[in-house]
Amino acid sequence: MSKLVTLTIDGKQIQVPAGTLVINAAKQAGIEIPSFCYYDGLSLQGACRMCLVEVERVPKLMTACTLPVAEGMVVRTNTPQVIEARKAMLEFLLTNHPLDCPVCDKGGECELQDMAFRYGAGEGRFVEFKYHVPEKQWSPVVYYDAPRCILCYRCVRICDEGLGVNALGVVNRGVRSEIAPNRGDHLECDECGMCIDICPVGALTSGTYRYQTRPWEMSHVGTICTFCADGCKTTLGVRNGIIIRANNRDRSGINDEFLCIKGRFAFDFVHHPERLTRPLIRTLSGFREASWAEAIELVAERFEQARQQGGRIGLIGSTRTTNEENYFLQKLLRQGLGSNHIDHRQSGDLVSLLMATRGREGALATTADLYHASGILILGADLSQQHPLLAFQIRANYRHHRARVYVVTRGPVREDQIAARSLRVAPGQELEALESLRTELQGLPDLVVLYGDSIKGSAVARLVQWCDSLAIAVRYVCLLDDANSRGALDMGLVPDWLPGYRSLDQMNLQPGLCWEEMLESEELEVLWVVGANPLRRRHLKRRPWLVVQELFLTETAQQADVVLPAASAYEKRGTFTSVCGELQQLQPAAQVPGAKTDLEIASLIALQLGLELGPADPDELLGEIHRTVDGYNVDLPLVAAGAAVPTGPYPDVAAVAVRVDKIRSREDTLFTAGSLGQRSQVLTSVREAPGSLYRG
Amino acid sequence: MSPRLYNEPSPLEVKILTRRFGLPNSQSIDTYLATGGYEAFRKALEMTPEEIIEEVKASNLRGRGGAGFPTGMKWGFVPRESPLPKYVVVNADEGEPGTCKDRLLMEHDPHQLLEGMLIAARAVGAERGYIYIRGEYRYLIEILDRAIGEAYERGFLGDNILGTGMRFHVYTHSGAGSYECGEESALLESLEGKRGVPRIRPPFPATAGLFQCPTVLNNVETFCAIPAIIRDGGKAFAALGTPRNGGTRLFCISGHVNRPGVYELPMGFNLLRMIHEVAGGVRDGRKLKAVIPGGSSCPVLKAEECDLPMDFDSVAQAGSMLGSGGVVVMDETTDMVRVAVRIAKFYQHESCGWCVPCREGTTWLRHLLTRIDQGIAKPSELDLVVEICNNMLGRTFCPLGDAAAMPIRSFVMKFREEFEARLRRPMVAVPDPDSLVVS
Ligand SMILES: Cc1cc2nc3c(=O)[nH]c(=O)nc-3n(C[C@H](O)[C@H](O)[C@H](O)COP(=O)(O)O)c2cc1C
Ligand code: SF4
Ligand code: SF4
Ligand code: SF4
Ligand code: FES
């Protein structure tokens, strides 16, 4: 759209779109202009003065971070005057900086250190007193050390502009200026730690990471967050098998550098002292520890009996197990044990959407679409709480492209701040309210609709019909709860369809029991629960023989006959599919001795049963999924390289009778995450926890 | 109410803006009306906006806030057609050390300011005006609010001004004691209720000012000159001054003179005459040593540089600035090191802290000059003072950094021997701890 402008930087002629800032134009030309306060995507400051450059016919040096390019502009970034100015700015910055690099958390990955190394002077001339104030703790996860702060205001901006929280401000004046929480002495915010991450120096430090290690003592493992469905890429810093921190500073993945409190801090559940490390077998006097061999043998024996009785076994699977695990589990049940009683806790009605949009290209939105679409319609969800990344992307879209955002929810949500219109309706009434938005929505080139669990069954079909009547391009996101909720649906971890949403007819199967029916069923001999906690709020009617694979002795595991200690998603290889359908690779980071992945456990059982189910290695299983599951015929090398690869389409969606009343979101807030969340010290210790939805 | 005069007027004065100073009840609208007040506004109502702006351009009026930007040209930048509301903002922050004229203009003749605002509003099509008053001048708010009330009563403000259908409302707003809030963009931030730090420019206030709407922002004295310009014509005002510097100006003569005070003199009035003939000469018959010609942010002039006409261009040519009209006179007994320290302290205290070179540079200068004053510095550190100033100059986010660096550098360069002498003095054994701590 925007026209190109030609300019010269350091003798290189380049063309960039009008409106580009000189600092970015230079980057495109491969020329680095040092900067502190400039931050891609956030508002401009011009405060640090590191980016001063010479512009022909302008007497003063100009800040490249605030200067838009102009036709014929001639910029020089390496003249003696510019180099001297940079030196001077670094010298100024270091005058009141404590120079405690050896004990600073940021040592080794500090932008000030790097700049001083590259552009700074060799010696210091400042011999005056340094201004000192003591460090402050703002929350369990955020500490602030004012003397180290270079006042680049990145933290203030990311919190306000990026998160929409606006918890930080500046107090005092001049050299006494400090960053401070707007609540005075403490934070009341999302506790996401974005401010810590974005801080170029060691002024903001993480309550969980500080003084634990030096950055170079860690190995870094890129994997996917195991909490919500948004699929954030995270780089885990690991030392001796223990995860010490998480961030996404390399901006890989669909989340750029975003992580919420769960992604950034709540990995601590992995090393919780109550992690199960030995199989447990129930005796009359309670559990006793057992060897894997004994436990597996016992389980296989019971499974074999159930198989011989005509498949009287049910499986309640997980929304945090990998695609490979889910695929293997359903295969084990359907092919190996002859049962179609397979389910997991479903949190959104995707299949109705697939049925209603059958045969259409691009009906499902990707995460990137949320940043680019000109219109966003949010139905029945508190995105900032339930889908922090999606909310972050939508806010960025609003900031950068002035996206029109429409909100239809039962109570106030943070998205109201940026909404063109917000409507308040009772859950289930969302569609009725839409009509009043018709003319506005019709004026948009394209729209992404996100819907929560109150829109399900025939309502989804009506929604699609209504959107069709707008005659604009519409894509959808069916909101789901957990890290691999989407994958569980895709892999057919349900009683109503096969992997890829294929019809049960293809295997001559009848719809099986859903998980709630399994708890009530008179006919099941064995109930196998993998990474789920159905007995937290429910009771078994007639006690089947219960096998549970779990990290912790949950309410469900406590009632089991055999408990098998499972590994978390941070300990395994495999893939997750995000709520927007991106397929991403997990890498094992932590080690918890004694636990096995659910895939290992299932394959040991299959082996013991003598079943021929093909390979049980994550990579080989992904290959099989790629070959056989609709929607997963994607570029696997890309996935292996760490990219987020969109899945779909599903050419052969079965016509199923949707069990509408079984679909329900757990309605996690930013500070809750089912049984994992309860085991995270961080999540349970912040003052905002557990929080509630629809508080704006 | 008749406020007291702080100094006897001088016969050499040309009293245009100050002509009502000293009249009984000079603050009241009756006095104002009886002495030709609001006639210029009535005249402006008969003129087109373009004609008003042309008249202001013809007057060669240059902004009295410090930078001397031509006022007519500034008004001309305000977009004629704009879907946004427009504003008139008066800069009554008067923070520049050595400057005390805006206060008198508001105290003695508040209606003159309101009339200037009204004419500006008519010229650009603004419906709201704000007077941003420095926190230390809080007592002026009462005077201004009373004048505003009178103007409403008499139909000069409101929704149907003098039955013409023109709307204009005026509000006073108090600052909270920050020099930086006199800088126009920081002032606008503060007026909007935000932290008083400057904005990135462009855009300038004329196109995106208060609440990002087109805004005319001028100094008190600038607005106060407008009624005379419209009443008597721009040419007549211009003729009072020198070719590119129209009219008269209020000079605030302070320091070592016999009759310090605020005097209205034609632009281009000779500085030495100002000191000797207007202000009664140097105190106690001493010799003149130096003058800061336009407020503390202007480089100092040595006595021998002072034989010059006081207009923006001549003072700039002499290497300093006419600034805000604060003429600070120093006699031969003045300790230039102490002056430099005092100036450094002021700017360090007032730096808003937004940008690195000013925040850290002013702090460093203050520490360093304090040490030099105490004789605990190496001679080479005098060069460091100059280098720090050079490293700040032209590189800060707003002109406050320059305002700090320019005078300090000038003191060290022009009176270097005094600084060197300080370093030859026996060392002070125990430095005054207070002076080393940043307050
Ligand atoms: C640090 C700083 C402080 C200033 N303080 C004042 C002030 O107190 N009063 C004022 O009128 N202008 C002040 N100015 C100048 C204003 O930014 C602005 O140029 C002026 O108000 C414009 O009005 P004029 O064109 O009528 O001079 C200051 C500028 C700077 C950089
Ligand atoms: S705390 Fe860090 S990010 Fe925030 S202003 Fe200071 S240096 Fe910048
Ligand atoms: S938004 Fe979701 S995926 Fe991203 S860090 Fe938070 S919980 Fe994890
Ligand atoms: S120069 Fe920088 S720190 Fe100084 S007052 Fe201006 S913006 Fe603030
Ligand atoms: S990066 Fe340009 S001023 Fe900070």
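What counts as what
- Residues numbered from 1 in each chain as written.
- Chains lettered and ligands numbered in written order.
- Predicted model: local features only at pLDDT ≥ 70, side-chain atom pairs only at ≥ 80, totals over all residues.
- Helix = DSSP H or I, 4+ residues; strand = E, 2+ residues; numbered from the N terminus.
- Rg over C-alpha atoms; globule rule 2.2 N^0.38 Å.
- Buried ≥ 20, exposed ≤ 12 C-beta atoms within 10 Å, placed from the backbone.
- Contact = placed C-beta atoms within 7 Å.
- Near = placed C-beta within 6 Å.
- Nonpolar A, V, L, I, M, F, W, Y, C, P; charged D, E, K, R; others polar.
- Domains from an automatic or database assignment.
- Core = buried A, V, L, I, M, F, W, Y, C linked by C-beta atoms within 7 Å.
- Axes fitted to C-alpha atoms, helices over the stretch in contact; angles between N-to-C directions.
- Parallel < 35°, antiparallel > 145°, perpendicular 65-115°, else oblique.
- Pairing = 2+ DSSP bridges.

### Observations concerning the overall build of chain A
Point 1. Helix and strand counts for chain A come out as 23 helices and 28 strands.
Point 2. The C-alpha atoms of chain A give 27 Å as radius of gyration, which agrees with the globular expectation for 696 residues (26 Å, within 12%).
Point 3. Its C-alpha atoms put chain A at 90 × 60 × 45 Å along the principal axes.
Point 4. Here chain A holds 696 residues, and the buried ones make up 55% of them.
Point 5. Residue pairs at least 24 apart in sequence account for 69% of intrachain contacts in chain A once pairs closer than 6 positions are excluded.

### A word on the overall build of chain B
Point 1. From N to C terminus, chain B includes 19 helices and twelve strands.
Point 2. In summary, chain B has a C-alpha radius of gyration of 22 Å against a globular reference of 22 Å for 439 residues, a match within 12%.
Point 3. Projected onto the principal axes, the alpha-carbon positions of chain B cover approximately 75 × 45 × 35 Å.
Point 4. Among the 439 residues that make up chain B, the fraction classed as buried is 58%.
Point 5. Look at the contacts in chain B between residues 6 or more apart in sequence, and 72% of them connect residues 24 or more apart.

### Thoughts on the site of ligand 1
Residue and element names in this part refer to chain B.
Point 1. Among the 24 residues in the neighbourhood of ligand 1, the closest are listed as Gly63, Gly65, Gly182, Asn218 and Asn219.
Point 2. Element by element, the count of residues in the shell around ligand 1 is highest for strand β5 (residues 215–219), at three residues.
Point 3. Partitioning the shell around ligand 1 into residue classes produces eight nonpolar, nine polar and seven charged.
Point 4. When we break the shell around ligand 1 down by domain, the ones giving at least three residues each are domain 1 (29–239) and domain 3 (336–436).

### Quick word on the site of ligand 4
Point 1. Neighbouring ligand 4 are 14 residues, the closest being Cys352, Cys355, Cys358, Thr396 and Cys398 of chain B.
Point 2. Split into classes, the residues belonging to the shell around ligand 4 amount to eight nonpolar, four polar and two charged.

### Points about the nonpolar core
Point 1. Counting 357 residues, the largest nonpolar core has Cys159 and Cys195 of chain A together with Ala120, Met274, Ala340 and Ile408 of chain B as the members making the most contacts within it.
Point 2. Among all residues touching Ala120 of chain B, those that are not within four sequence positions of it are Trp75, Val88, Val216, Phe223 and Ile226 of chain B.
Point 3. In this structure, Ile254, Leu583, Ala644 and Val645 of chain A belong to the second largest nonpolar core, which totals five residues.

### Brief notes about the environment of Leu118 of chain B
Residues and elements named next belong to chain B.
Point 1. Positionally, Leu118 belongs in helix α6 (residues 110–124).
Point 2. Given 29 C-beta atoms within 10 Å, Leu118 falls into the buried group.
Point 3. On a C-alpha basis, the gap between Leu118 and Glu150 in space is 14 Å, while along the polypeptide they are 32 residues apart.

### Remarks on the domain arrangement of chain A
Residues and elements named next belong to chain A.
Point 1. In terms of domains, chain A is made up of domain 1 (4–93), domain 2 (280–347 + 484–668) and domain 3 (350–479).
Point 2. If you average the C-alpha positions of domain 2 and of domain 3, the two centres end up 31 Å apart.
Point 3. In this assembly, 22 residues from domain 2 lie in contact with 18 residues from domain 3.
Point 4. In the side of domain 2 that touches domain 3, the residues fall into 14 nonpolar, five polar and three charged.

### Let's talk about the domain arrangement of chain B
A common measure of how large an interface is: the accessible area buried when the components associate.
Point 1. What the domain assignment reports for chain B is domain 1 (29–239), domain 2 (248–331) and domain 3 (336–436).
Point 2. Computed from C-alpha coordinates alone, the two centres of domain 1 of chain B and domain 3 of chain B are separated by 36 Å.

### Quick look at the packing of α6 of chain B against helix α10 (residues 220–232) of chain B
Residues and elements named next belong to chain B.
Point 1. Contact pair α6 / α10: the axes reach a minimum separation of 7 Å and the direction vectors enclose 75°. Of the possible angle classes, the one that applies to α6 and α10 is roughly perpendicular. Here Gln112, Leu113, Glu115, Gly116, Met117, Ile119 and Ala120 of α6 come into contact with α10, specifically with Val220, Phe223, Cys224, Ile226, Pro227 and Ile230.
Point 2. When the residues that make up the contact of α6 with α10 are grouped by side-chain class, the tally is ten nonpolar, two polar and one charged.

### Here we look at the interface of chain B and chain A
Point 1. With 25 residues of chain B in contact, the opposing surface of chain A contributes 27 residues.
Point 2. For the side of chain B that touches chain A, the secondary structure elements donating two or more residues are α14 (336–350), α15 (356–373) and α16 (380–392) of chain B.
Point 3. Per element, the largest residue contribution to the side of chain B that touches chain A is nine residues, and it comes from α15 of chain B.
Point 4. Taken together, the residues of the side of chain B that touches chain A sort by class into twelve nonpolar, nine polar and four charged.

### Brief notes about helix α4 (residues 154–162) of chain A
All names here are of chain A.
Point 1. Of all nine residues making up α4, seven are buried, and the element is well covered by its neighbours.
Point 2. Its buried side turned inward, α4 meets β8 (168–171), β9 (178–181), α5 (194–198), β10 (204–206) and α12 (388–401).
Point 3. Positive backbone phi, at 75°, marks Gly164, one or two positions downstream of α4.

### Comments concerning the sheet that holds strand β26 (residues 574–577) of chain A
Residues and elements named next belong to chain A.
Point 1. Taken in spatial order, the three strands of this open sheet run β26-β27-β28, and their pairing is antiparallel. The open sheet is flanked by β26 and β28 (645–646), the only strands paired with a single partner.
Point 2. Direction of pairing for strand β27 (residues 582–586) relative to β28: antiparallel, over a ladder of two bridges. When the bridges of β28 are listed, Glu582 appears paired with Pro646.

### Some points on the pairing of strand β3 (residues 158–161) of chain B
All names here are of chain B.
Point 1. Both β3 and strand β4 (residues 166–174) contribute to a ladder of two bridges, which runs antiparallel. Across the sheet, residue Gly158 finds its bridge partner in β4, namely Phe168.
Point 2. The antiparallel hairpin formed by β3 and β4 contains four residues in its connecting segment, where Leu162 sits at a positive phi of about 50°.

### Some words on the pairing of strand β15 (residues 286–289) of chain A
Residues and elements named next belong to chain A.
Point 1. Where strand β14 (residues 280–283) meets β15, four bridges bridge the pair, whose relative direction is antiparallel. Residue pairing for β15: Ile281 is matched across the bridge by Arg288.
Point 2. Two successive antiparallel strands, β14 and β15, enclose a turn made up of two residues.

### Describing unusual backbone geometry
All names here are of chain B.
Point 1. In this structure, Pro202 follows Arg201 across a cis peptide bond, with omega equal to -5°.
Point 2. In this structure, Pro202 sits in the loop between α8 (184–191) and α9 (205–208).
Point 3. Although it is not a glycine, Glu94 adopts a positive phi angle of roughly 20°.
Point 4. By the element assignment, Glu94 lies in the loop between β1 (87–92) and α5 (101–108).
Point 5. C-beta crowding within 10 Å serves as the criterion here: with 28 such atoms nearby, Glu94 is assigned to the buried category.

### Some remarks on the sheet that holds strand β18 (residues 375–379) of chain A
Residues and elements named next belong to chain A.
Point 1. Pairing is parallel across the open sheet formed by five strands, whose spatial order is β20-β19-β18-β21-β22. Two strands lie at the open edges of the sheet, namely β20 (419–424) and β22 (473–478), each paired on one side alone. The mean angle between the axes of side-by-side strands here comes to 15°, regardless of whether they run parallel or antiparallel.
Point 2. Summarising the sheet, β18 and strand β21 (residues 446–451) pair through five bridges and their orientation is parallel. Residue pairing for β21: Leu377 is matched across the bridge by Val449.

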